[in-house]
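# Tertiary structure, described
Residues per chain are reported as follows:
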Amino acid sequence: MSLSVNPNDLALLAVMRRYFLVKDEVNVLKARLEAARKDVAEEISHFYDPRTNAIHAEDILAWHKLRKEMDELMSLAAIWGRGGNIETQQLALESSAEPAAANIPSFLDTRPSLD
């Protein structure tokens, strides 16, 4: 028996792989921020405002950017789940200043099969 995987399915695998990598990064960043917030006994709304927390502003903005990427990746997965084609979709973050952050590896030349 042979199982073919089309390019759209491979795109979903790449999207989900990236999603879980970003999720792990978000969790590490959030834990670091929460530990810092608790160390200074700062209230949540003040600590997580990058305009008032210059010390952690870069991490706070990175956390927001990663969360946005996770939302976009899950949106692509939802499109695939509704039967849409995601292999040609591009994340909005890919046009940002750091395109590597949203880079989804291409596995479209791979043709896995189960025999």
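Refer to the preceding data block for the structure.
Scoring rules and cut-offs
- Residues numbered from 1 in each chain as written.
- Predicted model: local features only at pLDDT ≥ 70, side-chain atom pairs only at ≥ 80, totals over all residues.
- Heavy atoms only, no water.
- Salt bridge = Lys/Arg side-chain N within 4 Å of Asp/Glu carboxyl O.
- Helix = DSSP H or I, 4+ residues; strand = E, 2+ residues; numbered from the N terminus.
- Buried < 20%, exposed > 50% of the residue type's maximum accessible area, 1.4 Å probe, protein only.
- Expected span 1.5 Å × (residues − 1).
- Contact = heavy atoms within 4.5 Å.

Going through the model one piece at a time under the given rule, you end up with 4 salt bridges. Between Glu 69 and Arg 18 there is a salt bridge; the shortest N-O distance is 2.7 Å. Residue Glu 69 is found in helix H3 (residues 57-81), and its partner Arg 18 is found in helix H1 (residues 7-40); the two are separated by 51 residues along the sequence. For the pair Glu 69 and Arg 18, a shared accessibility class is recorded, and that class is buried. The closest approach of N and O atoms between Arg 51 and Asp 49, which form a salt bridge, is 3.0 Å.

Counting through the fold element by element, Lys 65 comes out in helix H3. Given the relative accessible area of 26%, Lys 65 is considered partly exposed.

Further remarks concern unusual backbone geometry. Look at Ala 41: it is not a glycine, yet its phi comes out positive at around 50°. As for its placement among the helices and strands, Ala 41 is situated in the loop between H1 and helix H2 (44-47).

In this model H3 runs 36 Å from its N-terminal to its C-terminal C-alpha over 25 residues, within 8% of the 36 Å that 1.5 Å per residue would give. Burial in H3 covers these residues: Ala 57, Ile 60, Trp 63, Leu 66, Glu 69, Met 70, Glu 72, Leu 73, Leu 76 and Ala 77. Elements that come into contact with the buried residues of H3 comprise H1 and H2. Positive backbone phi, approximately 90°, marks Gly 83, located one or two places after H3.

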